[in-house]
Amino acid sequence: VQLQASGGGLVQAGGSLRLSCAASERTFSIYPMAWFRQAPGKEREFVAGISWTGGSTYYADSTKGRFTISRDNGKNTVYLQMNSLKPEDTAVYYCAADRKGRELSIIATMTTGIDYWGKGTQVTVSS
């Protein structure tokens with residue numbers, strides 16, 4: 001069972017990136033999924049979450065209005081479209097899947113205890 005994040009890179013402030021998180025098994029299509037990030041010297045923090053149907057989403061205040069999370073269950077993939085990027089968005093971004101099916105508002109408070117984590121992808125925003 002694996003989650004593979006990709007799409008990170010170096011971008012100037014104000015630019016955009018789209019991250020992808022591909023799951024190795026179709027089972028993930030029934031799990032809520034989320035993106036977290038961790039900047040150097042800081043704790044991991046929640047970025048955005050999406051229900052298994054894609055019908056509900058939840059965002060951190062810092063990303064609301066700039067980032068959009070979506071999913072394609074047919075492709076076992078979750079996306080994070082990041083627009084209007086700021087230098088403070090620089091971090092390693094991780095995707096996660098919650099096998100317990102918790103509410104997104106609960107997942108948003110968790111930095112541990114989520115069942116599956118992918119390896120991160122680096123996002124660097126230059127000023």
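Look a little higher up for the structure.
This section reports on the structure supplied with the text. Along each chain, residue indices are assigned from 1 in the same order as the chain's sequence is written. Per-residue local features of the predicted model are confined to residues with pLDDT of at least 70, and side-chain atom pairs are confined, for both listing and counting, to 80 or more; whole-chain, interface and lining totals are unaffected and use all residues. Hydrogens and waters are ignored; side-chain quantities use all the structure's heavy atoms.

1. Overview of the nonpolar core
Alright, step 1. Put simply, a nonpolar core is a bunch of buried Ala, Val, Leu, Ile, Met, Phe, Trp, Tyr and Cys residues held in one set by side-chain atoms that sit within 4.5 Å of each other. When accessible area is computed with a 1.4 Å probe and restricted to protein chains, residues below 20% of their type maximum are described as buried, those above 50% as exposed, and intermediate ones as partly exposed. If you look at the biggest cluster of nonpolar residues, it comprises 29 residues, and the most contacted ones within it are Leu-3, Trp-35, Ile-69, Leu-80, Met-82 and Tyr-93.
Alright, step 2. Mapped onto this core, the elements with two or more residues apiece are β1 (3-6), β3 (17-23), β4 (33-38), β5 (45-50), β7 (67-72), β8 (77-82), β9 (91-97) and β11 (121-126).
Alright, step 3. The contact criterion used is simple: two residues touch if any of their non-hydrogen atoms lie within 4.5 Å. For Leu-3, the residues in contact, after removing those within four places along its chain, are Cys-21, Ala-22, Ala-23, Phe-28, Met-33, Cys-95, Ala-96, Ala-97, Tyr-116, Trp-117, Gly-118 and Lys-119.
Alright, step 4. Among the nonpolar cores identified, the runner-up in size contains 10 residues, and Ala-60, Ala-96, Ala-108 and Met-110 belong to it. A run of H or I in DSSP becomes a helix once it reaches four residues, and a run of E becomes a strand once it reaches two; helices and strands are each numbered from the N terminus.

2. Things to note about the sheet that holds β8
Either a parallel or an antiparallel arrangement is found when strands of a sheet pair, and the pairing is made through backbone hydrogen bonds.
Alright, step 1. Two strands are said to pair when DSSP picks up at least two bridges between them. Strand order in this open sheet of 4 strands is β1-β3-β8-β7, and the pairing throughout is antiparallel. The strands lining the two open edges of the sheet, one partner per strand, are β1 and β7. Strand-to-strand twist of the sheet, defined as the mean angle between neighbouring strand axes without regard to direction, takes the value 15°.
Alright, step 2. By the bridge criterion, 6 bridges tie β7 to β8 in an arrangement that is antiparallel. Across the sheet, the residue bridging to Ile-69 is Leu-80, located in β8. Axis definition: a line fitted to C-alpha atoms, limited for helices to the stretch in contact. Angles are taken between N-to-C directions and run from 0 to 180 degrees.

3. Let's talk about the environment of Thr-90
Alright, step 1. With respect to the helices and strands, the residue Thr-90 is situated in the loop between β8 and β9.
Alright, step 2. Residues Thr-90 and Val-123 lie 33 residues apart in sequence; the distance between their C-alpha atoms is 5.4 Å.
Alright, step 3. Excluding residues that lie within four positions of it along the chain, Thr-90 makes contacts with Ala-39, Gln-122, Val-123, Thr-124 and Val-125.
Alright, step 4. At a separation of 2.9 Å, a polar atom in the side chain of Thr-90 contacts the main-chain amide nitrogen of Val-125. Between N or O atoms, a polar contact is any pair within 3.5 Å; within protein, one atom must be a potential hydrogen donor and the other a potential acceptor, and residues adjacent in sequence are included only when both atoms are from side chains.

Remember, this is a structural readout, not a statement about activity or role.
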